Amino acid sequence: MRAVLAWKETIREQCVYDLAFKPDGSQLIIAAGLRVLVYDATDGSIIQPLKGHKDIVYCVAYAKDGKRFASGSADKSIIIWTSKLEGILKYTHNDSIQCVAYNPVTHQLASCSSGDFGLWSPEQKSVNKHKVSSKITCCGWTNDGQYLALGMMNGVVSIRNKNGEEKVKIERPGGSSSPIWSIAWNPSKDEHNDILAVADWGQKLSFYQLSGKQIGKDRTLTYDPCCVGYFSKGEYIVMGGSDKQASLYTKDGVRLGTVGEQNSWVWTCRVKPDSNFVVLGCQDGTIACYQLIFSTVHGLYKDRYAYRDSMTDVIVQHLITEQKVRIKCRELVKKIAIYRNRLAIQLPEKILIYELYSDDSSDMHYRVKEKICRKFECNLLVVCSQHIILCQEKRLQCLSFNSVREKEWVMESLIRYIKVIGGPPGREGLLVGLKNGAILKIFVDNPFPITLLKLTTSVRCLDMSASRNKLAVVDEHNTLLVYDIKSKELLFQEPNANSVAWNTQCEDMLCFSGNGYLNIKACNFPVHQQKMQGFMVGYNGSKIFCLHVYSMSAVEVPQSAPMYQYLERKMFKEAYQIACLGVTDSDWRDLATEALEGLDFETAKKAFIRIRDLRYLELINSIEERKKRGENDNDLFLADVYAYQGKFHEAARLYKRTGHESRALSMYTDLRMFDYAKEFVGVTDPKSSRMLMTKQADWAKSSREPRAAAEMYLSAGEHLKAIDIIGEHGWADMLIDIARKLDKAEREPLAKCALHFKRLKHHGYASETYSKMGDLKALVHLHVETLHWEEAFSLVEKHPQFKNDVFVPYAQWLAENDRFEEAQKAFHKAGLQNEAVKVLEQLTQNAVVENRFNDAGYYYWMLSMQCLDIAKESEEQRGEMLKKFERFQHLAELYHVYRSIQRYTDEPFSSHMPDTLFNICRFLLNNLTKDIPPGISKVNTLYALAKQSRQLGAYKLARYAYEKLQELHIPSRFQESIELGCLTIRSKPFHDKEDLIEGMMCYRCSTNNPLLNNQGSVCINCRQPFIYCASSYDVLPLVQFYLEEDISDEDALSLIDLEVPHTDQRAARWQDIDNGDLQSLRMDEGLDDEEEDPFTAKMSFEQGGSNFVPVKVSRPVLRAMSRRDVLIKRWPRPLKWEYFRSLLPEVSITMCPTCFKMFHSEDYELLVLQHNCCPYCRRPIDEPN
């Protein structure tokens, strides 16, 4: 610390008692004699003297806002002045004014006299005054303006609040023998507590907290203090007094040095706000302004930087980890030296040697190793492992840590620079630069210095490269000179340098600073510059240590520029070393790429490992493997490298040069650069061109350009791939074009085309393609799959071998679509009668379950006919099938009949006449003698019969029906009706109507049969079966007759058709109505003479017993019969035809030619008109038989 006099003024024969700075530091207010003087603080010129007091002015104070200041005088008055130097207010006390102080927050003024103190504020009219027991010598407000401290003659410090009430009383041990002469509050905002500095004339300096608790011990002074003042930030204290000088102290009271020596007592001293200027006021009228210059005391070794802080502390900073450690010395630190694990600190009376606790490079814990308790005067201090080196002008002294002087060197000129450059412990080397330009190397254990160089100008800064081969010097002309130590040759020089440092990790790199720039130089390449404020002091790897004002920082500097300089010269290994110091990822990539192109695979590999680029590492590994196998064509390696980098054309040229055209071609095709590939191939090689086309098409396909891909495949002759793409996208027109162009021998592509057409539902195109291929089976399947039955049938006509392939699926399709009759026919056409039967059986079962008895009857009839077909074709199954035929015929009739009963009982209206229903019920009950088929209800039948019998007068039968119903389980819906019927029928006669019984006459034996017959539908006398009308179920006048064994059906037919000549009368009697395929008999007139009829003669016997004797006829009888009287059921083989003779030719009877059911002609015609088909077999009336 140095104090430089800025200006000095003297006021003759007046003592300067007090002074105050305006808060902005521009003006200085001085209390001298009777006047208040206003000075310019910058140069000490007087601005204006202010008159107003009548006696000596003792004190002045400026308000913190800079608007007013106050002065207090021995004339007991206080004057308030504005910043424009005008007096605006005056008030008085009872005694002379000793001190004044403005509250820093509220601008309340405290004025203190010998016996009291007053508090005045602008908004108050009166001044509040408070008596005190002793004379007040000094006062001061806390930073927050809450409390006022008063120092008194009796050695007491009284702390009051804003209202003047005493809160704390500090009594000094000296009492009135140690009057308090000056107090000051620390203005620092960083302190946790308010700290009060108290100086008394017991020659003590003490520090207190607001609570009155003392901080630390009293500091003994060697003089009587008259004034205490803090620097603006509270880091230092200035104090003056009877020793005729102002001294600088730390905030803890450690004396640091003298500010300015005077000829008389220093009554007042103040620090200019926010600056290092101190103004003193003396008893002889002298006013002196000094500027304090705090020099930087510091030391650097590699990445550890030690510097002085607050004049008494040392902070060691690790520049890489940014860790800091503070060492409190509690004395003025004069010099600092640091080396490896040693730290030397010179204090006024001793030197402390510290060492690190451990060898860890990041350890920051220091402990005292040695103390050298001697006072040394030296310019420079250096520490080594076991010695300290003191430099005093021309002399260097080497002392051990025990303060034994081991060696001394005397130089020929002043020492300007000294640095430890390392070495074994106890034998370190020093680099010394002299004012006369000599540069020496000194070893601690060697008494003889070694001269390295002799310059013509003074040395300012020195450094030696890592391997001790080069020396960098900055001279006093700011020129950097770099020498080769061995040859003493000047390698290069650079202007504008104020400091220099070699990179500790790289031999050929140094950096220097100057003119606001940082300069980095590698080898003999041009300098790389970048802006940087401050002073460069070290260079480690990629970090440059820069000292700017008082702070040291590590600047991370990418070493890109020097790396690129090496790369330009193809010096890859050196560039790699530079990169290792620290460059960006993109710089690493550039280094790797350049080294790879320069075929320095080792460097490239290391660089790619740094940036973790596996792709290039794989390439390098493959090249190294190839080298091991004996490949040594660098052009080929370079071509691979170019290909990896995307320099494809250069790669292709190199491939061509090395005779590897195929590699170039595959490279282009893999990259989809087909145009370049075509250029490369040229038009000479059709095979390669075709391959290119295929690859291009593959790519187009994968890149979702299917149409282009398909066209390319076609031009490359890859029909299958093209067809697949076109088919997938459903471009039928394009596909049919291909199919038409293909040769019919190319079956696979054609088949694919057809498959796609099928999938796309283009039946015509698929058909055309299969036809072209001649694949008839596939064509048939196509027609079947697409349900184009007409085309399928026409194909079967030409090629009957595909019959089953068409008719079976056709039948199944019909069955699925509820077209069972047609399905039957289709199954038959396919020759699958059993299938047909199965379908129909299932249908019939469904119809019964669903109460569709009409359909059930029809299906049973169809089933019976199919069984007949099977019996006709298959001899093995004939017996079984004929039995089934009989059973199904019987069931068909039962269900056909029961439909009417079901409708009568379940539906509200019936279309049948009562007598028809009556007949139907009787027919059904006569035939239900054995098992009752599923779905047919005996209760419904008896119930219907009972109702109709009663209606028609068959009371006996009705009673019988009701009795039978009593035996059965009756549904609840009929319960009431039946019970009522049972009761009411008892009121009726116990017999049936005559005409009803007559209706049941047997036409063979003329026996009247009962209305119900438990033997079935046969005559009770002759057992002749009754033939019923299939609509009204009346008994028809027909008798079945059988032929003798030797007569065939054809013979019988020809015999009946031979008309025997009769009389004219007989000829006129018969009228044969032949309505298409229907046979009808009608007789206009009856026979006069029955005996002439051989058939009647044959039947005129009485039959008894239980066996049925059929009517058999011989040839003469047949010949005698008229064709008009005979009805023939022409059953197909193996069944025989059945013959019936009408005994009442006048009754017109019609037989259906398909189902051979007999009807009254009028009924039949009506039913056919209603349904347009036979009511039983549903044969359309216009269908040929």
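In every chain, residue numbers begin from 1 and rise along the written sequence. In keeping with the predicted nature of the model, local features appear solely for residues at pLDDT of at least 70, side-chain atom pairs appear and are counted solely at 80 or more, and the whole-chain, interface and lining totals rest on all residues. Side-chain measures were taken over the full set of non-hydrogen atoms in the model, leaving aside hydrogen atoms and water.

A. The arrangement of the confidence of the model for the protein chain in detail. Scored by pLDDT, the protein chain comes out at a mean of 82, with 81% of its residues at no less than 70. Known as pLDDT, the predictor's per-residue confidence is scaled from 0 to 100. For this analysis, residues touch if any pair of their heavy atoms sits within 4.5 Å. Note on residues 1061-1092: pLDDT is under 50 here. Beyond four places in sequence and across chains, it has 64 contacts. In this model, residues 1097-1101 is a region of pLDDT below 50 whose contacts with residues beyond four sequence positions or in other chains number eight contacts.

B. Summary view of the side chain of Thr-1150. Runs of H or I in DSSP of at least four residues are treated as helices and runs of E of at least two as strands, each being numbered from the N terminus. Secondary-structure assignment places Thr-1150 in strand β62 (residues 1149-1151). Between N or O atoms, a polar contact is any pair within 3.5 Å; within protein, one atom must be a potential hydrogen donor and the other a potential acceptor, and residues adjacent in sequence are included only when both atoms are from side chains. Polar side-chain contacts of Thr-1150 include one of 2.6 Å to the side chain of Ser-1161.

C. Local environment of unusual backbone geometry. Here the bond from Arg-1133 into Pro-1134 is cis, since omega is 0 degrees, no more than 30 degrees from zero. Assignment of secondary structure puts Pro-1134 in the loop between β60 (1126-1129) and β61 (1138-1142). Positive phi is not limited to glycine here, since Leu-85 has a value of about 70 degrees. Its place among the elements puts Leu-85 in the loop between β8 (77-82) and β9 (87-92).

D. Representation of the sheet that holds strand β16 (residues 156-161). Paired strands, in this sense, are two strands between which DSSP finds at least two bridges. The sheet built from four strands is open, its strands ordered β14-β15-β16-β17 with antiparallel pairing. Of all strands in the sheet, those with a lone pairing partner are β14 (136-141) and β17 (166-171), marking the two edges. When the angles between neighbouring strand axes are averaged without regard to direction, this sheet yields 20 degrees. Fitting a line to C-alpha atoms yields each axis, with helices limited to the stretch in contact; the angle taken between N-to-C directions then spans 0 to 180 degrees.

E. Fine view of the environment of Val-333. Here Val-333 lies in the loop between β32 (324-328) and β33 (335-339). According to the relative accessible area criterion, Val-333 is buried, its value standing at 0%. Sequence separation between Val-333 and Ile-345 is twelve residues, and the spatial gap between their C-alpha atoms is 6.8 Å. Contacts of Val-333, omitting those with residues within four sequence positions, involve Val-297, Arg-308, Met-311, Thr-312, Asp-313, Val-314, Ile-345, Gln-346 and Leu-347. The buried label applies to any residue whose accessible area, calculated with a 1.4 Å probe on protein chains only, is under 20% of its type's maximum; exposed applies above 50%, and partly exposed to all values in between.

F. The nonpolar core, seen in detail. The nonpolar core is taken to be a set of buried Ala, Val, Leu, Ile, Met, Phe, Trp, Tyr and Cys residues, with the residues joined through side-chain atoms within 4.5 Å. Trp-861, Tyr-895, Leu-924, Leu-945, Leu-965, Ile-978 and Met-1158 are the most contacted members of the largest nonpolar core, which totals 89 residues. By residue number, the principal contributor to this core is helix α21 (residues 853-873), which donates 13 residues. Setting aside chain neighbours within four positions, we find Tyr-895 in contact with Val-848, Phe-853, Ala-856, Gly-857, Tyr-860, Pro-933, Pro-934 and Ile-936. Counting residues in each nonpolar core, the second largest holds 50 residues, with Val-314, Val-316, Ile-351 and Leu-352 among its members.

G. Structural view of the pattern of salt bridges. For this analysis, a salt bridge means a side-chain nitrogen from Lys or Arg found within 4 Å of a carboxyl oxygen belonging to Asp or Glu. Evaluation of the coordinates by the stated rule reveals 32 salt bridges. With a closest N to O distance of 3.3 Å, Glu-408 and Arg-405 form a salt bridge. The class of Glu-408 is partly exposed, set by a relative accessible area of 32%. Using a relative accessible area of 54% as the deciding quantity, one classes Arg-405 as exposed. Between Glu-494 and Lys-521 there is a salt bridge whose closest N-O contact spans 3.5 Å. On the criterion of sequence distance, the pair formed by Glu-494 in strand β48 (residues 490-494) and Lys-521 in strand β51 (residues 517-522) is long-range, its members being 27 residues apart. Beyond isolated ion pairs, a larger network of salt bridges with shared partners links Arg-172, Asp-200 and Asp-218.

H. Region of the structure containing the packing of aromatic side chains. The criterion for an aromatic pair is that two Phe, Tyr or Trp rings (for Trp, the six-membered ring) have centres within 6.5 Å, with stacked assigned to planes under 30 degrees apart, edge-to-face to planes over 60 apart and tilted to the rest. For the structure shown, the criterion picks out 30 aromatic pairs. Judged by centre distance (4.6 Å) and plane angle (5 degrees), the ring pair of Phe-608 and Tyr-616 falls under stacked. With respect to class, Phe-608 is no different from Tyr-616; both count as buried. Grouped by ring-pair contacts, the aromatic residues Tyr-17, Tyr-58, Trp-181, Trp-201, Trp-265 and Trp-267 constitute a single cluster. Placement of a charge over a ring requires the Lys NZ or Arg CZ to be within 6 Å of the ring centre, with the centre-to-atom vector within 35 degrees of the ring normal. Its guanidinium or amino end placed over the ring of Tyr-357, Arg-367 lies 4.8 Å from that ring's centre, counting from NZ or CZ. A cation over a ring is seen here: Lys-1157 above Tyr-1176, with NZ or CZ 4.9 Å from the ring centre.

I. Spatial organisation of helix α1 (residues 560-568). For α1, the buried fraction is high: seven of the nine residues fall into the buried class. Where α1 is concerned, the buried positions are Ser-560, Ala-561, Pro-562, Met-563, Gln-565, Tyr-566 and Leu-567. Packed against the buried residues of α1 are β50 (509-514), β51, β52 (528-531), α2 (572-581) and α3 (585-597). Phi turns positive one or two residues past the end of α1, at Lys-570, with a value near 60 degrees.

J. Structural detail: the sheet that holds strand β36 (residues 366-372). Here four strands make up an open sheet; going across it, the order is β33-β34-β35-β36 and the pairing antiparallel. Across the chains shown, the open sheet's two edge strands, defined by having one partner strand only, are β33 and β36. Each neighbouring strand pair of the sheet contributes to a mean axis angle of 20 degrees, computed without reference to strand direction. Examined bridge by bridge, strand β34 (residues 342-346) and strand β35 (residues 351-356) share five bridges and lie antiparallel to one another. Within β35, the residue paired with Ala-344 across the bridge is Ile-353.

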